[in-house]
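Coordinate analysis (summary)
Residues per chain are reported as follows:
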Amino acid sequence: MTVTAAAATDVGRVREHNEDDLAVTDRVWVVADGMGGHAAGEVASRIAAETMSELAVPDQVSAQDVIDQIALAHRRIETAMRQHPSRRGMGTTVTGLARVDEEGEGEWRWLVFNVGDSRVYRIVEGQLAQVTRDHSEVRELIDAGVITPEEARRHPLRNVITRSLGGGANPVPDQWLLDPQASERFVICSDGLTGEVPDEELRAILEAHPNAQDAADALVRAAVEAGGRDNVTVVVVDHGSHDGTHDVNDTQPRSRLATR
Ligand code: MG
């Protein structure tokens with residue numbers, strides 16, 4: 001499998017801390033958007049990203065292993081909350097992509113998973129599709145026909161999520177199993193990107209930047225330039241001959257642009 005992955009994150013123009021976190025390994029790619037006062041959001045998102053990156057260690061992982069790991073991250077966040085009362089109420093989204101092995105088949109598929117309002121997009125043959133569905137108040141208002149997606153971008157409830165790690169009951173992740181394509185790109189991002197950059201602009205930026213790192217950097221830059229009202233984090237995963245230059249597996253380590 002030939003995968004090139006790259007990441008970028010920025011605190012934005014308004015927030016004092018970057019409570020987003022991310023993980024880039026050769027098997028799992030994750031964005032976690034933390035919440036909670038006194039820097040607790042950073043703790044929650046860090047626990048989620050680190051716990052998910054442990055999936056890179058075994059020889060094989062199944063879809064169930066990924067789901068179990070999300071539950072483990074949730075329990076670890078709850079434990080961290082109990083140990084430090086100032087962290088009460090912290091939580092995080094956890095959203096991403098994993099390469100999972102089919103039982104005994106020697107085959108693999110993609111598993112996209114989501115808890116919260118970070119997103120996974122997929123681009124195949126120039127067509128951009130949002131794979132995940134936000135667990136958010138505004139998504140429910142859109143579904144009920146109360147507001148439009150454009151209105152959701154500025155809605156006062158836009159930061160209210162309906163599912164998260166750390167928030168009480170064990171959150172059930174949404175999951176999608178996808179067959180790998182010969183050439184495809186995934187984008188995993190926090191709502192600091194999608195709150196600032198409409199899908200059409202996102203698609204255009206991706207098309208203009210065949211290199212994964214260039215694409216991640218350009219998306220984060222666009223969100224900050226559009227206002228940067230939230231932390232913004234982007235992981236780009238290119239599989240196959242996405243930009244025609246991927247003859248070797250050169251998955252890159254975790255990288256950070258910015259200011260934390
Ligand atoms: Mg956010």
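Residues numbered from 1 in each chain as written. Predicted model: local features only at pLDDT ≥ 70, side-chain atom pairs only at ≥ 80, totals over all residues. Heavy atoms only, no water.

Now for the overall build of the protein chain. Of the regular secondary structure elements, the protein chain holds seven helices and eleven strands. For a compact globule of 260 residues, the expected C-alpha radius of gyration is about 18 Å, and the protein chain comes in at 17 Å, within 12% of that figure. In terms of its C-alpha atoms, the protein chain occupies a principal-axis envelope of roughly 50 × 40 × 40 Å. Counting the 260 residues in the protein chain, one finds 53% classified as buried. Partitioning the contacts of the protein chain with sequence separation of at least 6, the portion at a separation of at least 24 is 72%. Element-wise, carbon and sulfur atoms account for 47% of the exposed surface of the protein chain, whose accessible area totals about 11,400 Å². Seen as two clouds, the 26 positive and the 44 negative side-chain charges of the protein chain have centres 6 Å apart. (Helix = DSSP H or I, 4+ residues; strand = E, 2+ residues; numbered from the N terminus. Rg over C-alpha atoms; globule rule 2.2 N^0.38 Å. Buried < 20%, exposed > 50% of the residue type's maximum accessible area, 1.4 Å probe, protein only. Contact = heavy atoms within 4.5 Å. Areas by Shrake-Rupley, 256 points an atom, 1.4 Å probe, with all protein chains shown as cover. Lys, Arg positive; Asp, Glu negative; His and termini not counted. Charge placed at Lys NZ, Arg CZ, Asp CG, Glu CD.)

Let us look at helix α1 (residues 40-53). A rise of 1.5 Å per residue sets the reference length of α1, with its 14 residues, at 20 Å; its end C-alpha atoms lie 20 Å apart and thus fit the reference within 8%. For α1, the buried fraction is high: ten of the 14 residues fall into the buried class. Those residues of α1 that sit buried are Ala40, Gly41, Glu42, Ala44, Ser45, Ile47, Ala48, Ala49, Thr51 and Met52. (Expected span 1.5 Å × (residues − 1).)

Another point: the coordination of the magnesium ion. Listed as protein donors to the magnesium ion are Asp33 (OD), Asp191 (OD) and Asp230 (OD); their distances from the metal cover 2.1 to 2.2 Å. The sequence pattern formed by the donor residues of the magnesium ion is D-x157-D-x38-D. Within this pair, whereas aspartate 33 is found in strand β3 (residues 28-35), its partner aspartate 191 is found in helix α5 (residues 191-194), the two being separated by 158 residues in sequence. The class for aspartate 191 is buried, based on a relative accessible area of 13%. (Donors = N, O, S within 2.8 Å, 3.2 Å for Na, K, Ca; no water.)

With that settled, consider the pattern of salt bridges. Tallied over the entire structure, the rule returns 16 salt bridges. For aspartate 21, the salt bridge is made with arginine 46, and the minimal N-O distance between the two is 2.6 Å. Here arginine 46 lies in helix α1 and aspartate 21 lies in strand β2 (residues 20-24), a separation of 25 residues in the sequence. Across the pair aspartate 174 and arginine 163 runs a salt bridge, and its minimum N-O distance is 3.4 Å. Note that aspartate 174 is positioned in strand β9 (residues 174-178) and arginine 163 in the loop between α4 (149-152) and β9, a separation of eleven residues in sequence. (Salt bridge = Lys/Arg side-chain N within 4 Å of Asp/Glu carboxyl O.)

We now examine the packing of α1 against helix α2 (residues 63-83). Look at α1 against α2: their axes get within 9 Å of each other, and the N-to-C directions meet at 145°. Between α1 and α2 lies a crossing whose hand is right-handed. Contacts between α1 and α2 involve Ala44, Ile47, Ala48, Thr51 and Met52 from the former and Val66, Gln69, Ile70, Leu72, Ala73, Arg76, Ile77 and Ala80 from the latter. Within the contact of α1 with α2, the residues separate by chemical class into ten nonpolar, two polar and one charged. (Axes fitted to C-alpha atoms, helices over the stretch in contact; angles between N-to-C directions. Left-handed = near helix turned anticlockwise from the far one by under 90°. Nonpolar A, V, L, I, M, F, W, Y, C, P; charged D, E, K, R; others polar.)

With that settled, the discussion passes to the packing of helix α6 (residues 199-208) against helix α7 (residues 212-225). Packed helices, taken two at a time, are described by the angle between their axes plus the distance between the axes. For the pair α6 and α7, interaxial distance at closest approach is 9 Å and the crossing angle is 145°. Seen along the crossing, α6 lies across α7 with a hand that is right-handed. Contacts from Glu201, Leu202, Ile205 and Leu206 of α6 reach α7 at Ala215, Ala218, Leu219 and Ala222. Its residues assigned to classes, the contact of α6 with α7 comprises seven nonpolar, no polar and one charged.

Fair warning: the whole summary comes from geometry, so function is off the table for now.
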